[in-house]
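Secondary and tertiary structure notes
Now for the letters of each chain:
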Amino acid sequence: MTIYLCGFMGCGKTTVGRVLADMMSLEYTDMDAYIEKRSGMSIPQIFAEKGEDAFRRMETQAVAELGKAGGIIACGGGAMLKEINAETAAEYGTVVYIDVPYDTCYDRISGDTNRPIVMANTKESLEEIYNERVPLYIAHSQIRADGKKSPEEIASEIKAAVEMK
């Protein structure tokens, strides 16, 4: 079983993913950490030295590799924006969008130096990015989870929805 968690930066993919993996006795993988390990570079290094396009290609490769391995996968905020990634993820499993209001996400990510997109944008421009991404998250997922609940409640909701699917 493979479950991809998607949503804007700071929506709780990592926290919910770990809880869900424990709850379902599945492996947990953070896609960004996976990419860092495979490339031998941090995400900011990849962006600085190879560019965002190279990072996005690494994400596309990771979606397929992790899908084959199975488990709970916390995707980077941009991973499920590309049609090919969403299609690949849907072939291997279920994509879940964790829906959290922008202000909550911003409070969680503000000042995070490990997020190149956060460091390169203002609060207002990040909100524009958020607003552009939400329709894609919705279109590219099969399940939409209410991210305003506790991580345990969100994980339980996702587990129940996946089991009913």
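Parameters at a glance
- Residues numbered from 1 in each chain as written.
- Predicted model: local features only at pLDDT ≥ 70, side-chain atom pairs only at ≥ 80, totals over all residues.
- Heavy atoms only, no water.
- Helix = DSSP H or I, 4+ residues; strand = E, 2+ residues; numbered from the N terminus.
- Rg over C-alpha atoms; globule rule 2.2 N^0.38 Å.
- Buried < 20%, exposed > 50% of the residue type's maximum accessible area, 1.4 Å probe, protein only.
- Contact = heavy atoms within 4.5 Å.
- Areas by Shrake-Rupley, 256 points an atom, 1.4 Å probe, with all protein chains shown as cover.
- Lys, Arg positive; Asp, Glu negative; His and termini not counted.
- Charge placed at Lys NZ, Arg CZ, Asp CG, Glu CD.
- Salt bridge = Lys/Arg side-chain N within 4 Å of Asp/Glu carboxyl O.
- 1 Å grid on protein atoms, 1.4 Å probe; cavity = no way out; pocket = protein on both sides within 12 Å on 5 of 7 lines; lining within 4 Å.
- Points joined across faces, edges and corners; volume = space filled by probe spheres on them.
- Phe/Tyr/Trp six-rings, centres within 6.5 Å; stacked < 30°, edge-to-face > 60°.
- Core = buried A, V, L, I, M, F, W, Y, C linked by side-chain atoms within 4.5 Å.
- Patch = residues over 30% accessible without salt bridge, like charges linked within 9 Å, V, L, I, M, F, W, Y side chains within 5 Å.
- Axes fitted to C-alpha atoms, helices over the stretch in contact; angles between N-to-C directions.
- Parallel < 35°, antiparallel > 145°, perpendicular 65-115°, else oblique.
- Left-handed = near helix turned anticlockwise from the far one by under 90°.
- Nonpolar A, V, L, I, M, F, W, Y, C, P; charged D, E, K, R; others polar.

It is worth spelling out the overall build of the protein at this point. Scanning the protein from terminus to terminus reveals nine helices and five strands. Taken against the 2.2 N^0.38 rule, which gives 15 Å for 165 residues, the C-alpha radius of gyration of the protein at 15 Å falls within 12% of a compact globule. Based on the C-alpha atoms only, the size of the protein along its principal axes is roughly 40 × 30 × 25 Å. Put simply, the protein has 165 residues, and 47% of those count as buried. Look at the contacts in the protein between residues 6 or more apart in sequence, and 71% of them connect residues 24 or more apart. Accessible surface computed for the protein: about 8000 Å², of which carbon and sulfur atoms make up 48%. One way to put it: in the protein the 18 positive side-chain charges average out to a point 3 Å from where the 26 negative ones average out.

Overall, the coordinates contain nine salt bridges when judged by the stated rule. A salt bridge links glutamate 65 to arginine 38; its shortest N-O distance comes to 3.4 Å. Within this pair, whereas glutamate 65 is found in helix H4 (residues 52-69), its partner arginine 38 is found in helix H2 (residues 31-39), the two being separated by 27 residues in sequence. For arginine 115, the salt bridge identified is with aspartate 112, shortest N-O distance 2.9 Å. What makes arginine 115 partly exposed here is its relative accessible area of 26%. Using a relative accessible area of 25% as the deciding quantity, one classes aspartate 112 as partly exposed. Put simply, Glu52, Arg56 and Glu59 are held in one network by salt bridges that share partners.

This part is about the layout of surface pockets. If you add up the space inside the largest pocket, you get close to 530 Å³. Within the residue set of the lining of the largest pocket, elements represented by two or more residues are helix H1 (13-24), H2, helix H3 (43-49), H4 and helix H7 (116-119). Sort the elements by how many residues they give to the lining of the largest pocket and H2 lands first, with four residues.

Glancing now at the packing of aromatic side chains. Aromatic ring pairs are defined here through the distance separating the ring centres and the angle between the ring planes. A full pass over the atoms with the stated rule returns six aromatic pairs. Consider the rings of phenylalanine 47 and phenylalanine 55, whose centres lie 5.2 Å apart with planes at 45°: the pair is tilted. Chaining the aromatic ring pairs together yields one cluster made of Phe8, Tyr102, Tyr106 and Tyr130.

Taken as a class, soluble globular proteins show a tendency for nonpolar side chains to be buried jointly. Counting 52 residues, the largest nonpolar core has Ile3, Leu5, Phe8, Met31, Met80 and Ile158 as its most contacted members. With residues up to four places along the chain from it excluded, the contact list for methionine 80 reads Tyr4, Cys6, Val63, Cys75, Asn85, Ala86, Ala89, Val95, Leu136 and His140.

Once that is clear, we can look at unusual backbone geometry. With a phi angle near 55°, serine 25 is a residue other than glycine that sits in the positive phi range. Structurally, serine 25 can be placed in the loop between H1 and strand S2 (28-30).

Now for a negative patch on the surface. A contiguous patch of negative charge on the surface is contributed by Glu124, Glu127, Glu128 and Glu132. Considering the arrangement of structural elements, one finds glutamate 124 in helix H8 (residues 123-139).

One way to put it is that helix H6 (residues 102-109) packs onto H8 with a least axis distance of 11 Å and a crossing angle of 125°. As summarised for this structure, H6 and H8 are arranged oblique, according to the angle between their axes. For the pair H6 and H8, the crossing hand works out as right-handed. Listed contacts from H8 to Tyr102, Asp103 and Tyr106 of H6 are Lys123, Leu126, Glu127 and Tyr130. Taken together, the residues of the contact of H6 with H8 break down into four nonpolar, no polar and three charged.

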